[in-house]
Amino acid sequence: MQYKSFLIKYAEIGVKGKNRYLFEDALVAQIRHSLKKVDGDFVVSKESGRIYASAESEYDFDEVIEALKCVFGIAAICPMVQVEDQGYEDLKEQVLAYVDEVYEDKNFTFKVNTRRGNKRYPVNSEQINRDLGEVILNRFSETKVDVHKPEVMLHVEVRNKINIYSRVIPGPGGMPVGTNGKAMLLLSGGIDSPVAGYMIAKRGVKIDAVYFHAPPYTSDRAKQKVVDLAKLVSKYSGPVHLHIVNFTDIQLYIYDKCPHEELTIIMRRYMMRIAERLSEECGAMALITGESIGQVASQTMQSLAATDAACTMPVFRPVIGFDKQEIVDLSEKIGTYETSVLPFEDCCTIFVAKHPVTKPNIKMIERSEESLQEKIDEMVETAIATVEKVWC
């Protein structure tokens with residue numbers, strides 16, 4: 001069956017108060033943007049708690065569903081038949097036609113679930129359920145009613161028009177992107193940070209991203225890998241403005257001036273400082289990282305505290321309590337895993353200490369950074385001034 005309409009359900013938005021319309025409008029805009037990427041013409045509209053996407057031309061069903069599955073704020077996608085209210089007897093015939101066309105094999109159990117949004121409709125919901133169940137049983141003798149665990153739940157919504165559907169496809173949930181501000185993602189070529197960006201975007205946050213590149217110690221293929229990851233994340237978050245920072249001179253300077261066991265922490269602190277500066281310029285209000293407690297030496301409690309002390313913005317770490325397999329599973333779900341494991345490293349082993357400190361003392365770290373004072377501010381300004389910007 002070629003469905004002409006889709007009912008888009010949301011969840012969290014429904015508990016909003018007087019500003020709910022703002023979230024609904026943002027979701028409508030995101031749906032329109034997503035459907036522009038697929039073949040076909042669609043009209044997206046809303047009415048009192050319902051959002052509809054209606055096809056005005058031929059389209060590929062699977063392509064549309066995949067596009068809608070990437071829109072945060074959608075709880076469920078329901079392919080439906082929408083008909084004009086032409087009387088109660090006509091409703092019965094429309095439901096019979098729907099069942100006949102959608103289900104070639106009629107040997108199933110079912111339940112009718114009616115919602116009467118139009119309270120002026122002359123028959124109440126319970127009576128509609130009984131009457132529709134009766135006509136289905138009479139027309140299709142193979143069917144059976146099961147009100148507890150039906151194989152088919154037939155939904156009928158009586159509103160200005162009548163919506164008939166039985167398939168409910170889960171959406172990604174969350175909140176529409178852009179309804180909760182903007183944040184800057186520290187994006188590497190690894191598995192964790194793209195997942196972190198996805199999870200924050202799911203909460204309605206618009207994301208930009210920053211990648212620290214170290215040529216010639218890291219290759220152009222490593223940089224392209226990060227660009228590709230940003231594009232994959234952008235399927236869910238909307239366009240990502242990727243800032244590529246040349247970090248080589250700063251890394252070499254830290255390597256030359258600071259204790260090697262503190263290299264990772266001090267380099268990370270300068271990455272946070274630069275990311276914060278770029279965030280201020282683009283209007284982001286927080287930083288996002290893919291750190292998980294205890295995963296590596298730079299992600300112990302003490303190391304994270306030392307890193308946070310270098311900036312004033314809040315730092316969001318959405319995978320902080322995940323183990324590695326949980327992060328891998330989510331990266332596979334969102335389609336970033338295969339790119340993340342490509343063998344193009346985004347940091348060179350020359351900058352990784354053999355025995356990194358796992359419980360850094362912030363005062364000692366700050367004392368070590370004093371040896372950088374001669375040139376580090378100028379180098380940071382140069383790195384910020386020469387940022388390469390890529391739209392993904």
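The structure this text deals with has already been given above.
Remember, it's a predicted structure, so these values are computed and weren't measured experimentally.

Engineer: Can you break down helix 6 (residues 220–237) residue by residue, with the values?
Structural biologist: Between its first and last C-alpha atoms helix 6 spans 25 Å; for 18 residues at 1.5 Å apiece the expected length is 26 Å, and the two agree. Listing the buried residues of helix 6 in full gives Ala 222, Lys 223, Lys 225, Val 226, Val 227, Leu 229, Ala 230, Val 233, Ser 234, Tyr 236 and Ser 237. Among the structural elements, helix 5 (192–202), strand 11 (206–213), strand 12 (241–246), helix 10 (324–334), helix 11 (337–340) and strand 15 (388–391) are those in contact with the buried residues of helix 6. One or two steps after helix 6, the chain reaches Gly 238, where phi turns positive at roughly 85°.

Engineer: Give me the packing of aromatic side chains: which residues, what numbers.
Structural biologist: According to the stated counting rule, one finds eleven aromatic pairs in the structure shown. On the numbers, 6.5 Å between centres and 80° between planes, the contact of Phe 108 with Phe 110 is edge-to-face. A relative accessible area of 3% places Phe 110 in the buried class. With a centroid separation of 5.2 Å and 70° between ring planes, the pair formed by Phe 212 and Phe 247 is classed as edge-to-face. With Phe 212 in strand 11 and Phe 247 in the loop between strand 12 and helix 7 (248–257), this residue pair connects regions lying 35 residues apart in the sequence. Like Phe 247, Phe 212 is buried.

Engineer: Break down the pattern of salt bridges for me, citing the residues and quoting the values.
Structural biologist: A full pass over the atoms with the stated rule returns 21 salt bridges. In this structure, Glu 47 engages Arg 159 in a salt bridge whose closest nitrogen and oxygen atoms are separated by 3.1 Å. Here Arg 159 lies in the loop between strand 7 (152–158) and strand 8 (162–165) and Glu 47 lies in strand 2 (residues 42–47), a separation of 112 residues in the sequence. For Glu 47, a relative accessible area of 21% corresponds to the partly exposed category. Notably, a salt bridge pairs Arg 317 with Asp 308, separated by 2.7 Å at the nearest N-O pair. Classification of Arg 317 as buried rests on a relative accessible area of 13%.

Engineer: Residue-level account of the sheet that holds strand 13 (residues 287–288), with values.
Structural biologist: The six strands are arranged 14-13-10-11-12-15 in an open sheet whose pairing can be described as mixed. The sheet is open, and its two edges are formed by strand 14 (315–316) and strand 15, each paired on a single side. Bridge count between strand 10 (residues 182–186) and strand 13: two bridges; the pairing is parallel. Bridging from a neighbouring strand, Met 184 pairs with Leu 287 of strand 13.

Engineer: Before we move on, can you summarise the environment of Gly 181 with the specific residues and values?
Structural biologist: Mapped onto the elements of the fold, Gly 181 is located in the loop between strand 9 (169–170) and strand 10. On the basis of relative accessibility, which here comes to 28%, the residue Gly 181 falls in the partly exposed class. Sequence separation of Gly 181 and Ala 230 is 49 residues, and the distance between their C-alpha atoms is 19 Å.

Engineer: Residue-level account of the pairing of strand 4 (residues 76–83), with values.
Structural biologist: Counting buried positions along strand 4 yields seven of eight residues, so the element is predominantly enclosed. Examined bridge by bridge, strand 1 (residues 5–9) and strand 4 share five bridges and lie antiparallel to one another. Residue pairing across strands places Ile 8 opposite Ile 77, the latter belonging to strand 4. Of the pairings in the sheet, the one linking strand 4 to strand 9 comprises two bridges and is antiparallel in character. Paired with Ala 76 across the strands is Pro 170, a residue of strand 9. In this structure, strand 4 lies alongside strand 8, joined through three bridges in antiparallel fashion. Residue Val 83 lies in a different strand from strand 8, and its bridge partner there is Ile 162.

The rules behind each value
Every chain is numbered on its own, with residues counted from 1 as its sequence reads. Selection of residues for local features in this predicted model requires a pLDDT of at least 70, selection of side-chain atom pairs for listing and counting requires 80 or more, and totals for whole chains, interfaces and linings are taken over all residues. Note: side-chain values were computed over all heavy atoms of the structure, leaving out hydrogens and water. A run of H or I in DSSP counts as a helix once it spans at least four residues, and a run of E counts as a strand once it spans at least two, with each numbered from the N terminus. To estimate the expected span of a helix, count its residues, drop one, and scale the result by 1.5 Å. Under the scheme applied here, a residue whose accessible area is under 20% of the maximum for its type counts as buried, over 50% as exposed, and between as partly exposed, the area being computed with a 1.4 Å probe on protein chains only. The contact criterion used is simple: two residues touch if any of their non-hydrogen atoms lie within 4.5 Å. Ring geometry is summarised as follows: Phe, Tyr and Trp rings, the Trp one being its six-membered ring, pair when their centres sit within 6.5 Å, and such pairs are stacked at plane angles under 30 degrees, edge-to-face over 60 and tilted between the two. Here a salt bridge means any side-chain nitrogen of Lys or Arg lying within 4 Å of a carboxyl oxygen belonging to Asp or Glu. Here a strand pair is declared whenever DSSP counts at least two bridges between the two strands.

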